[in-house]
Amino acid sequence: MALLTWSDELSVGVSALDADHRALVDLINEMGQAIDDKRGAEVVGSVLSRLSRHVAEHFAREEKLLHDSGYPETKEHAGQHATTLGRLDELRALAAEDDSKAALAVFEFLKAWFLNHVVGNDLKLRDFFREKGVADLGGGRRPGLFARLAARTDVLSLKTRILVVAWAPVAVIAVLLLANLTGAVDKVGRQRDIITLARFSTVSSALIHEMQKERGSSALFLGSKGTQFGPELAAQRQATDGRLGTFRAAARDMLATLKGTGYDRLKQAVADLEKLAEIRTGTDGQSLPVPQVLGYYTAAIANQLAVVEGMGHLANDPDMAMNLNAYTAILNAKERAGLERATGSAGFAAGTFTPQLHRRLNELGAEQKAFLHAFRITATPAAIAALDTAQADESEKMVGEWRTVAIESPFTGTLGAIRAPDWFRLTTRRIDQMKTVEDAAAAALMEHARAVLARHTAAAWWQGGLLLVLVGVSALTSLLIVAGLVPPLLAARHATTRMAEGDRTVEIPGQLLRDE
């Protein structure tokens, strides 16, 4: 007859409970030996009586310890004890039949019950006793943090724990994908903002171009004391007003979407234009000095250019940044050319360049070279080709020659035969050539922006779709695993419990499964 063997592996870490368990083993083995000696029917009643008393004392001791230690499942554990005591009473009635077969059945039940009681239930208390500091035997040391945390997961059902294990890595991957998706959506939004600003910049650029002409015409008119360029100035103002209405309508829409410094710059640019009528009146009456008039137009244009330059912080790839830099470089080079036109017009109209005008003319020439150099190293080949074509125009060479005459005039004492209206028309022709370069740079910017937008949009859709597929497949896989794993485990647990209670008719579930 196979007997029970006590080992330290069965210890719960509490000496009093281990002593009880050893006594139970001895009693059960005593009965097994009696059965081997053909005395089972004789001793079964006596052994069962002693076993029942010992079990009752053991259960009482164990339940008190659990209650005092704050074990969360004390009530359930006590319920198992009560069931066992009732079963022992039934076994005593069976033993009273004085039947050897009944004695064997009682012995097999007691073995199964002990293993289920100690291995299936009490051993789970070992970590709890250690955590609470109740354990007083070797290995009773308080477990580490990881072990204590792991022990607390038993509040979750088996199905829940399997789902957590299955979904944990999926959740991490999903979070990473969601972060990438959020970044992709942000890039799409920034790219759309760039396209919106680029479209607005073409409207703003058209107004800037006319205001640059009006600035030069006003400087020539004031420099000649009102004797030259009056009709041309009036015609230019009409051209400016034609662009002004379109700009204001576009600015209203942009102000509804812009934020931060971009909003402040555009609002200031719109406010500057409200002073245009006052500046025109002062120009007509020649009550304003040339520097003040030029300063107004220059500041108003600068605020509009600042709105366009604000696109730079939206760039999210190197090529886009290069296109934006090229576009703002040609805008600034063209603005310096416009200032040069106004400065030269004032000097040629007055017949002399004051030290202030002379110094400014020198600065504007150098600034144009710097911005055009920046344009050449950042622009697309098509935009650079447009610049080459513009600089091949005769006006580029002649403006350079006339600029030299003006710069050397303080030393030569002459401006030659150059007239202010001729200077204005020549520089206007050159600036018109630069406008074609600006348009080419704007076209390159828009083309690249649309391509990047399409790429980012496709990436966002792809990542969103991948996230949905991952979550869907993971959810389905997890459900399949749970459906295939949990029911057999629960069925096996139920069967084991019934076997421990002495039911030998239980069918072991899952015997035809192909896994472990």
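Cut-offs applied
- For every chain, the first residue of its written sequence is number 1, and the numbers climb from 1 along that sequence.
- pLDDT decides what is reported in this predicted model: residues at 70 or higher carry local features, side-chain atom pairs at 80 or more are listed and counted, and totals for whole chains, interfaces and linings draw on all residues regardless.
- To get the side-chain values, all heavy atoms of the structure are used, and hydrogens and water are removed first.
- Think of a 1 Å grid over the protein atoms and nothing else: a 1.4 Å probe that fits but is trapped marks a cavity, an open set flanked by protein within 12 Å on at least five of seven lines marks a pocket, and residues with an atom within 4 Å of a point count as lining.
- Grid points are joined across faces, edges and corners, and a volume is the space filled by probe spheres set on the points.
- Helix and strand definitions here come from DSSP, where helices need a minimum of 4 consecutive H or I residues and strands a minimum of 2 consecutive E residues; each element is numbered from the N-terminal end.
- Buried residues of nine kinds, namely Ala, Val, Leu, Ile, Met, Phe, Trp, Tyr and Cys, make up a nonpolar core once their side-chain atoms join them within 4.5 Å.
- The rule is simple: take the accessible area with a 1.4 Å probe, protein chains only, and divide by the maximum for that residue type; under 20% is buried, over 50% is exposed, in between is partly exposed.
- In this description, contact between two residues means that some pair of their heavy atoms is separated by no more than 4.5 Å.
- A pair is scored as a salt bridge if a Lys or Arg side-chain nitrogen falls within 4 Å of a carboxyl oxygen belonging to Asp or Glu.
- The axes used here are C-alpha line fits, helices contributing only the stretch in contact, and every angle between their N-to-C directions lies in the interval 0 to 180 degrees.
- Oblique is the label for any angle not under 35 degrees, not over 145, and not in the 65 to 115 range, which are roughly parallel, roughly antiparallel and roughly perpendicular in turn.
- The handedness criterion is simple: a crossing whose near helix is rotated anticlockwise from the far helix by less than a right angle is left-handed, and one whose near helix is rotated clockwise is right-handed.
- Three classes are used, and their members are as follows: Ala, Val, Leu, Ile, Met, Phe, Trp, Tyr, Cys and Pro are nonpolar, Asp, Glu, Lys and Arg are charged, and the others, Gly among them, are polar.
- To estimate how far a helix should extend, the number of its residues minus one is multiplied by 1.5 Å.
- Throughout, the bend at a residue refers to the angle made by two axes, fitted to the seven residues ending there and to the seven starting there.
- Confidence per residue, as judged by the predictor, is encoded in pLDDT with a range of 0 to 100.

Q: I keep staring at the layout of surface pockets and nothing clicks. Help me out?
A: Regions of empty space are outlined by a rolling probe, equal in size to a water molecule, passed over the atoms. As a volume, the second largest pocket reaches approximately 420 Å³. V290, P291, L294, Q356 and L357 are the residues nearest the centre of the second largest pocket, which is lined by 20 residues in total. For the lining of the second largest pocket, the secondary-structure elements that each account for two or more residues are α7 (158-223), α11 (290-309), α12 (318-350) and α13 (355-378). When residues in the lining of the second largest pocket are grouped by element, the largest group, 5 residues, is from α11.

Q: Would you take a moment to explain the nonpolar core for this structure?
A: It is characteristic of soluble globular proteins that their nonpolar side chains tend to be buried jointly. In this structure, L266, M311, Y327 and F375 are the most contacted members of the largest nonpolar core, which totals 86 residues. For this core, the element with the most residues is α7, which contributes 17 residues. In this structure, M311 is in contact with I194, L197, A198, L324, Y327 and L445, ignoring residues within four places of it in sequence. Grouped together as the second largest cluster of nonpolar side chains are 26 residues, I28, M31, F59 and W113 included.

Q: Which parts of the structure should I look at to understand the pattern of salt bridges?
A: Any two side chains of opposite charge can pair, so long as their charged atoms come close to each other. Scanning the entire structure with this criterion turns up 21 salt bridges. Between R50 and E30 there is a salt bridge whose closest N-O contact spans 2.7 Å. Placement of R50 in helix α2 (residues 40-69) and of E30 in helix α1 (residues 15-36) is noted, with a sequence separation of 20 residues between them. Where R425 meets D422, a salt bridge forms, and the shortest distance between an N and an O atom there is 3.0 Å. In this pair, R425 and D422 both sit in helix α16 (residues 420-500), 3 residues apart, roughly one turn of the helix. Residue class for R425 comes out partly exposed when judged on its relative accessible area of 45%.

Q: In this structure, what is going on with the packing of α2 against helix α5 (residues 125-132)? I would like to understand it.
A: How two helices pack is summed up by the angle between their axes together with the distance between the axes. The N-to-C vectors of α2 and α5 enclose an angle of 50°; their axes lie 11 Å apart at closest approach. Relative to α5, the element α2 lies oblique. Pair α2 / α5 crosses with left-handed handedness. Across the interface between the two elements, E62, L65, L66 and S69 of α2 pack against L125, F128, F129 and K132 of α5.

Q: Honestly, empty space enclosed by the protein in this entry has me stumped. Any pointers?
A: For the structure on display, the rule yields 1 cavity of 30 Å³ or more. As a volume, the largest cavity reaches approximately 50 Å³. Lining the largest cavity are L372, L387, A390, Q391, E396, R430, Q433 and M434. Taken together, the elements giving at least two residues each to the lining of the largest cavity come down to α14 (381-391) and α16. Grouping the constituent residues of the lining of the largest cavity by class yields 4 nonpolar, 2 polar and 2 charged.

Q: Got a minute to help me understand the environment of A249 in this structure?
A: Tracing the sequence through the fold places A249 in helix α8 (residues 230-255). Along the backbone, A249 and V203 are 46 residues apart, and their C-alpha atoms lie at a distance of 10.0 Å.

Q: I tried to follow the packing of α1 against α2 on my own but got confused; where do I start?
A: Axis separation between α1 and α2 bottoms out at 10 Å; the angle between their running directions is 170°. Classified by the interaxial angle, the pair formed by α1 and α2 is roughly antiparallel. Mapping the contact onto sequence places A16, L17, D20, H21, A23, L24, L27, E30, M31, A34 and I35 in α1 and G40, V43, V44, V47, R50, L51, H54, V55, H58, R61, E62 and L65 in α2. Across the contact of α1 with α2, the residue classes tally to 14 nonpolar, 4 polar and 5 charged.

Q: So what exactly am I meant to see when it comes to unusual backbone geometry here?
A: The general pattern is negative phi for most residues beyond glycine and trans for most peptide bonds. Unlike most non-glycine residues, K225 shows phi in positive territory, near 60°. Within the element layout of this structure, K225 appears in the loop between α7 and α8. The exposed category is assigned to K225, whose relative accessible area is 64%. Although it is not a glycine, Q286 adopts a positive phi angle of roughly 55°.

Q: Is there a simple way to explain helix α15 (residues 394-412) in this structure?
A: Structural remark: α-helix, 3.6 residues per turn; residues separated by three or four positions point the same way. Here α15 contains 19 residues, and its C-alpha end-to-end distance of 25 Å stays within 8% of the 27 Å for a straight helix at 1.5 Å per residue. Considering bend angle alone, the principal kink of α15 is centred on A406 and spans about 30°; proline P410 follows within four residues of it. When α15 is considered as a whole, its buried residues turn out to be S395, V399, W402, R403, A406 and S409. At the exit of α15 stands G413, carrying a positive phi of roughly 75°.

Q: Any chance you could explain the confidence of the model for the protein chain here in plain terms?
A: Scored by pLDDT, the protein chain comes out at a mean of 82, with 86% of its residues at no less than 70. Put simply, helix α6 (residues 145-151) is where the protein chain has its lowest mean pLDDT, 59, and α14 is where it has its highest, 95.

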